[in-house]
Structure formats: C-alpha cells, structure tokens
Amino acid sequence: MKRQTGGCCGLCWLWSSLSSTIGQKIVMALTGLALCGFLLVHLGGNLLLYVGEQKYNDYAHALHAQGALLLVAEIGLFAMFVIHIGLAFRTSFANAAARPIAYAMRQSKQDPGPLAQPPSGVMLATGIVVLVFLLVHLSDFKFFSVTRATGLRHQSVPADAAPFARAVGVLQDPISALVYFAGSLVLAYHVLHGFASAFQTLGLRHPKYTPLVKTLSLVFAIVVGVGFASFPFWAWTFR
Amino acid sequence: MSDTLNLTLKVWRQASPSAPGEFKTYKVYDISTHMSFLEMLDVLNEDLISKGEEPIAFDHDCREGICGSCSLMINGQAHGPDRTTTTCQLHMRRFRSGDMIVIEPWRARAFPVIRDLVVDRSAFDRIMTAGGYVSVNTGNAVDGNAVLVPKQNADKAFASATCIGCGACVAACKNASAMLFVSAKVSQFALLPQGQPERSQRVEAMVAKMDEEGFGGCTNTNECEAACPAGITVDNIARLNREYIRATLTAE
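Every chain is numbered independently, its residues counted from 1 as its sequence is written. Chain letters and ligand numbers both follow the written order, the letters beginning at A and the numbers at 1. Residue-level local features of this predicted model are given only where pLDDT is at least 70; pairs of side-chain atoms are given and counted only at 80 or more, and the full residue set underlies all totals for whole chains, interfaces and linings.

**With respect to the overall build of chain B**
Note on conventions: DSSP H or I runs of at least 4 residues are helices, E runs of at least 2 residues are strands, and numbering of each starts at the N terminus. Counting secondary structure elements, chain B contains eight helices and seven strands. Its C-alpha atoms give chain B principal-axis dimensions of roughly 60 × 40 × 40 Å. Burial status across chain B gives 44% buried among its 252 residues. We call two residues in contact if the C-beta atoms placed from their backbones are at most 7 Å apart. Of all intrachain contacts in chain B linking residues separated by at least 6 positions in sequence, the fraction that spans at least 24 positions is 70%. Residues with at least 20 other C-beta atoms within 10 Å of their own are called buried, those with 12 or fewer are called exposed, and the rest are partly exposed. The C-beta atoms themselves are positioned from the backbone.

Okay, here's the thing in structure tokens:
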C-alpha cells in the first residue's frame, strides 16, 4: 500500500489512518474513555455537596482559582466532547448509508440479555439525550449568569449565590431536576456499553481481562447513574 | 409432530438490479420436515416452473454448509433461526405447519441485489485481492515442519480460517459492517509465521478496501458473531483493531 510520508505536517499518515472506519472508532474510544475519566472527577467533586456547604464552596473556589490551568482543561474537555459527538454523528450517518434499503423483518440471533434493549444498539439515541442534558447543564452552571440575566430561568436563585446555594437552587428547578435525573440514568446506560466497547475497539481483549472490563463497565455505569441522579433527588427531598 | 408442513412464504422478487422489487406471497404444501430450507425452495420453484412462472433465484452450491454460497434473511435472521448453521443446513423441522416465513436477500449497499434473493458479494473478493493472501515462492514445497507454529496459534488461525465468506455478518450487522469477515481473514494470517512478511500492508490494504466498498463501521453490538454460520468470534475484531493500530504506528 502506498503510504503518504513527508510533504505535509508529518502526521498525514496518522490522519489518514484515523479517517478510516476503524480509525474513527479508535478516536471515539479514546475520547469516550477520557470523558469517562472526567465523569469520575466531576462526580468526586459533586459528592462534596454531601460533605458540607463549606467544603463544597471551598472546592469550587479552589477550582476556579486555577485560572489559566482551568481554561486549558476546559478547552481540552470541550475538544473531547466536540470530537466524540462529531464523530458519533459522522459514523452514524455513514453506517446508516451502508444499508440504503431496510429489512422488512429483523430479529436478533443473540441470547437475550438482562436488558430488553441492549445499550449497544441505541448509542446515538442515548448520546443525543446526554447531549441535551449537557447543554441544559452548561446553561445552568457554566453560563448561569447569562441564563439568569436573559430571564430564561433561575430567577429565584440569587445572582451572587455561593456555589453550594446555587447548586441547590438550580437542582430545585423542576426542569433541571427532571433533566438531571433522567439524563444521569441515560448517561449510565450509554457508558455501560461505551466503557467496555472502547476496550474492544482499541483491540484490548484478553480472556483474563475482558470479563473484568465488563464488570468494571457495569460498576462504572451504576456509580455514574446512581451518583449523578442522586443530586436532584437529594435537592428535592433533603433540602 | 406431523411429517409435512403447509407454509406461507413472503419472498422478495426483483427482476434485475435496477428493477423495483416487491414481496410476493406463495403457498407451499406437503413440505417434508426432513427437507432443507433450500429443498423447500426447490419444491416451490418446480411448482412455479410447471405453472409457467419465473422461478425464484437464490444462491446455492455445495449444500453441505461449507461453500458460503447460500444466504437468505429468514424471518429477519441471517441463515434462519439456528446458530452456526447455513441456510442449506437449516431443516424444515424447525418450522411449524401454518407458519408464515419472510425471505429477503442480504441488504447492504456493498451487496447489491442481482435478482430476487441473489446479491453480488464480489466486494468480499476485492477485499481478499487487496491483501488476503500470502506470497509464496515457486519451487519445491517447503518441508512441513521447517516453520514452527505453536499449536494454540495454529488452532486459532484455523478457527479464523473457517470463515466461508457468506456475508451473514454484513447482513446481520445494523451497520452492514464487514468487520467480522475482514477480521477473520486478517487473523488467519496474522497468527501464523507465513503471514508475517505482509502483515502490516495486509491489514491496511484490506481495511482501506473494506471502507471503499461501502461497508459500515463496527459498533460492537456482536450481532455478527451470533449470525455467523462458521462460529467466527468477535475476538477476531479486537485482533483486527490491534493489527490496524500496530500497522498505523509501526509500518514504514
């Protein structure tokens, strides 16, 4: 096979490899795993809500005091999301185009698992729900002042509320609460397949480790689902 | 259990690649439960011919489950309801009298319908031509034990090589992806010393051809593994991904 070397930036070979169907999935797997890592860190930070108001406020202030470092992290995170979501749509369209005429009848030949609908078949749908969740979440927190100033929502939360009070205020908004609760569960369903699937896409399959990866995927999905869904529940019942 | 069946068949009929197709309903009577699915279609075709109608075109050859010629989406399942069974090895005892059976061709952009239930699977041949081979010097045959092959690798390579190239993986995949086929063909060589010289160029060329032919990508739903009549596992797909990453990072 003719290989393109030199002439361009020096990474054309990598770009070319990552543009194939396998390459695109490798990028989705890597960004997906990176986002899974972010989820854990984010959950860890949020769990400070349960430790106490002061601890949570201290954490939030310390985080925002990072300045340039935080900005770099946010840009990196934004890039991960954009790449993962962009490739999700791109590959989904390409995959749909690979079968222009649908079957009149379709039945799976796999052994039925515990879930009536395995998450692997609806990753685009669950991904879109998570995207909506993400956008609502960003409007609630990252762009809180804009959302509030434009009179969209959160009029009842004081503009200068401390992070803890703001979080509770936002979580007590019925729209946010519902989106966060349902969104967290759908997110868990999404990563249940995504986490284990990423390993397969990266070629990391081994009789010793793959069962462990599948168990970890389940544990991770439960931690993420229960963890994040607990916040709106807590805000409505204990606050 | 009765020894004969009366069935209603909904069969995809399409006169040519460009003609619009449609389902036509046929009735077959007194089908022996000992017949294979293809023999049942033979009976229907004899009937159609005797009535002066066009018989249904479908691919078949060995009828022993080893050639990979037969296909058919039977009630939405590639090669019918049985695991690791080709359509020619599917027996009518699997059905009940009075059943309605929907029969469709493989559906994929890369497998265009030629006529009725026959699709053009030459995309697989072109993928094989791109890299699914080992180059061997002419001359005397090499001594059988001159190249040492670990037994486990020989077994794994053999298991991958049992792929008969029928295309059920593509047919069953929600993305019409050919990853299981390509992964089996890449694996059978990657696992053996004879496959090493062309190892990197093989995986790169076969994947490039696979994409060019218009197959979809893999989303790890594992439907291909369940549909494969030869029992090819998705372990092969992980190996293909590994081979691809290895070739990308190390091949010159």
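**With respect to the overall build of chain A**
Helix and strand content of chain A: 10 helices and zero strands. Secondary structure of chain A in N-to-C order comes out as α-α-α-α-α-α-α-α-α-α. Its C-alpha atoms put chain A at 60 × 50 × 40 Å along the principal axes. Residues classed as buried in chain A amount to 28% of the 239 residues present.

**A look at the interface of chain A and chain B**
Opposite the 34 residues of chain A that make contact, chain B presents 42 residues. Contributions of two or more residues to the side of chain A that touches chain B are made by helix 2 (21-46), helix 5 (68-97) and helix 9 (174-201) of chain A. When residues in the side of chain A that touches chain B are grouped by element, the largest group, five residues, is from helix 2 of chain A. Put simply, Ala, Val, Leu, Ile, Met, Phe, Trp, Tyr, Cys and Pro go in the nonpolar bin, Asp, Glu, Lys and Arg in the charged bin, and everything else, Gly too, in the polar bin. Across the side of chain A that touches chain B, the residue classes break down as 14 nonpolar, 15 polar and five charged.

**Some points on the sheet that holds strand 3 (residues 73-74) of chain B**
All names here are of chain B. Two strands form a pair only when DSSP identifies at least two bridges running between them. Read across the open sheet, the five strands follow the order 2-1-5-3-4; overall the sheet is mixed. The sheet is open, and its two edges are formed by strand 2 (22-32) and strand 4 (77-78), each paired on a single side. Pairing geometry for strand 1 (residues 4-13) and strand 5 (residues 100-104), over four bridges, is parallel. Paired with V11 across the strands is I103, a residue of strand 5. To get an axis, a line is fitted to the C-alpha atoms, and for a helix only the part in contact is used. The angle between two axes follows their N-to-C directions and goes from 0 to 180 degrees. Against the sheet, helix 1 (residues 37-50) engages strand 1, strand 2 and strand 3, with an angle of about 105 degrees to strand 2.

**Digging into the packing of helix 6 (residues 199-212) of chain B against helix 8 (residues 235-250) of chain B**
Residue and element names in this part refer to chain B. Remark: helix 6 packs on helix 8, axes separated minimally by 9 Å, with the N-to-C direction vectors making an angle of 110 degrees. Considering the angle they form, helix 6 stands roughly perpendicular to helix 8. As helix 6 packs across helix 8, the resulting crossing turns out to be left-handed. For the pair helix 6 and helix 8, the contacting residues are S200, V203, E204 and V207 in the first and L240, E243, Y244 and A247 in the second. In terms of residue class, the contact of helix 6 with helix 8 is made up of five nonpolar, one polar and two charged. For classification purposes, an angle smaller than 35 degrees is called roughly parallel, one larger than 145 roughly antiparallel, one from 65 to 115 roughly perpendicular, and anything else oblique. Take the far helix as the reference: if the near one is turned anticlockwise from it by less than a right angle, the crossing is left-handed, and if turned clockwise, right-handed.

**A closer look at the nonpolar core**
Only buried residues count toward a nonpolar core: Ala, Val, Leu, Ile, Met, Phe, Trp, Tyr and Cys, linked into one set through C-beta atoms within 7 Å. Of all hydrophobic cores here, the largest spans 98 residues; its most connected members are A108, C169, V170, L180, F181 and V182 of chain B. Here this core gets 12 residues from one element, more than from any other, and that element is helix 9 of chain A. As used throughout, domain bounds are those supplied by an automatic or database domain assignment. Both domains that furnish three or more residues to this core are identified here as domain 1 (4-104) and domain 2 (122-136 + 148-250) of chain B.

**As for the packing of helix 6 (residues 123-140) of chain A against helix 9 of chain A**
Residues and elements named next belong to chain A. Closest axis-to-axis distance for the helix 6/helix 9 pair is 9 Å, and the angle between their directions is 140 degrees. Taken together, the axes of helix 6 and helix 9 lie oblique to each other. As helix 6 runs across helix 9, the sense of the crossing is left-handed. Here M123, T126, G127, V129, V130, F133, V136 and D140 of helix 6 lie close against helix 9, whose contacting residues are S176, V179, G183, V186, L187, Y189, H190 and H193. Considering only residue class, the contact of helix 6 with helix 9 consists of nine nonpolar, six polar and one charged.

**Some remarks on unusual backbone geometry**
With a phi angle near 65 degrees, H154 of chain A is a residue other than glycine that sits in the positive phi range. Relative to the helices and strands, H154 of chain A resides in the loop between helix 7 (144-149) and helix 8 (163-171). Using a count of 23 C-beta atoms within 10 Å as the deciding quantity, one classes H154 of chain A as buried. In the Ramachandran plot, D116 of chain B falls in the positive-phi region, its phi being about 45 degrees despite a non-glycine side chain. Position of D116 of chain B among the secondary structure elements: in the loop between strand 6 (113-115) and strand 7 (118-119). Take D116 of chain B: there are 22 C-beta atoms within 10 Å of it, and that puts it in the buried class.

**Here we look at the domain arrangement of chain B**
Residues and elements named next belong to chain B. Partitioning chain B into domains gives domain 1 (4-104) and domain 2 (122-136 + 148-250). Between the C-alpha centres of domain 1 and domain 2 the distance comes to 29 Å. Taken together, the contact pairs 12 residues of domain 1 with 11 residues of domain 2. Taken together, the residues of the side of domain 1 that touches domain 2 sort by class into four nonpolar, seven polar and one charged.

**Digging into helix 6 of chain A**
Look at helix 6 of chain A: 25 Å from first C-alpha to last across 18 residues, which is about the 26 Å you get at 1.5 Å a residue. Of the residues making up helix 6 of chain A, those classed as buried are M123, T126, G127, V130, V136 and D140 of chain A. In this analysis, the expected span of each helix is defined as 1.5 Å times one less than the number of residues it contains.

**Regarding helix 8 of chain A**
Every buried residue of helix 8 of chain A is listed here: R166, A167, V170 and L171 of chain A. For helix 8 of chain A, the arc enclosing every buried residue in end-on projection is 125 degrees, short of the 170-degree limit, so these residues lie on one face. The reported arc concerns the directions from the helix axis to the C-beta atoms and nothing else.

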